[in-house]
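The primary structure of each chain is shown beneath.
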Amino acid sequence: KKGETKPRDVVVTKDRIYLSDVESHTVHVLDRETRTNIFDIPTPQERTNIACRLFQPINIALDKSGKLYVSDFGAYRVQVFDANGKFERSIGSYGDNYGEFARPKGVAVDRSGIVYVAEAAGQHVQMFNDQGRLLMWFGEPSDKKGGMNLPAKVLIDYENVPYFKQFAAPGFEVVHLMIVMNQFGP
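Below is a summary of the structure that appears in this document. (Residues numbered from 1 in each chain as written. Predicted model: local features only at pLDDT ≥ 70, side-chain atom pairs only at ≥ 80, totals over all residues. Heavy atoms only, no water.)

A short note on the sheet that holds strand β3 (residues 26-31)
Spatial strand order, β1-β2-β3-β4: 4 strands in an open sheet with antiparallel pairing. Both edges of this open sheet fall to β1 (7-12) and β4 (37-41), since each of them pairs with a single strand only. The mean inter-strand angle of the sheet, taken between neighbouring strand axes irrespective of direction, is 20 degrees. The pairing of strand β2 (residues 16-21) with β3 spans 6 bridges and is antiparallel. Among the inter-strand pairings, Ile 17 is bridged to a residue of β3, identified as Leu 30. (Pairing = 2+ DSSP bridges. Helix = DSSP H or I, 4+ residues; strand = E, 2+ residues; numbered from the N terminus. Axes fitted to C-alpha atoms, helices over the stretch in contact; angles between N-to-C directions.)

Notes on the sheet that holds strand β11 (residues 124-128)
Either a parallel or an antiparallel arrangement is found when strands of a sheet pair, and the pairing is made through backbone hydrogen bonds. Taken together, the 4 strands give an open sheet; going across it, the order is β9-β10-β11-β12, and neighbouring strands pair in antiparallel fashion. Two strands lie at the open edges of the sheet, namely β9 (104-109) and β12 (134-138), each paired on one side alone. Each strand of the sheet is rotated relative to its neighbour by a mean of 20 degrees, with strand direction disregarded.

Regarding the layout of surface pockets
There is about 430 Å³ of room inside the largest pocket. Around the largest pocket, the lining comprises 18 residues; the ones closest to its centre are Val 109, Leu 155, Ile 156, Asp 157 and Tyr 158. Per element, the largest residue contribution to the lining of the largest pocket is 5 residues, and it comes from strand β13 (residues 151-157). Residues belonging to the lining of the largest pocket are distributed by class as follows: 13 nonpolar, no polar and 5 charged. (1 Å grid on protein atoms, 1.4 Å probe; cavity = no way out; pocket = protein on both sides within 12 Å on 5 of 7 lines; lining within 4 Å. Points joined across faces, edges and corners; volume = space filled by probe spheres on them. Nonpolar A, V, L, I, M, F, W, Y, C, P; charged D, E, K, R; others polar.)

A word on unusual backbone geometry
A negative phi holds for most residues other than glycine; trans holds for most peptide bonds. Put simply, Ile 41 and Pro 42 share a cis peptide bond, and its omega is 0 degrees. Along the chain, the position of Pro 42 falls in the loop between β4 and β5 (57-62). Of note in this structure, Tyr 76 is not a glycine but carries a positive phi near 60 degrees. Residue placement: Tyr 76 occurs in the loop between β6 (68-72) and β7 (77-81). Accessibility expressed as a relative area gives 30% for Tyr 76, which makes it partly exposed. (Buried < 20%, exposed > 50% of the residue type's maximum accessible area, 1.4 Å probe, protein only.)

In structure tokens, the structure reads:
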């Protein structure tokens, strides 16, 4: 029905809940305790601006300063908003080259500000600095171990690092784990 919420992703902090909604083309920011809406992203003033507008907000992530990163599947970019919901910049554009997107899905930000974006069409993950400049990419299409088959979500995990240190090369320091979830494959 028209007007229903179609949630795609959620991020919960100590006082807020962020909910991406493809039906309303927004990210709802709710008070965690009362579950009432504080504000929507983009703001009503920015909703008609093509540079700020969200078309299909699929995945969301927060960095350590509270900036919100929105993987906008329908606009082929990642939108960045400050903690108050004000638009800051875009990362990427439409295309099939590195630094561009045809199907951006998962987005994550590590503690140093590196932005990771799962690109389902290219079947890889691209890494950008905090200013949106492409740093590198990794992954390739494959059904084999380590390959990607429509990557849909990226997570950065610091808590489970001790369990994986034994698998790293001697002298290599494991700082965080990166988990990439695929839609298909083994």
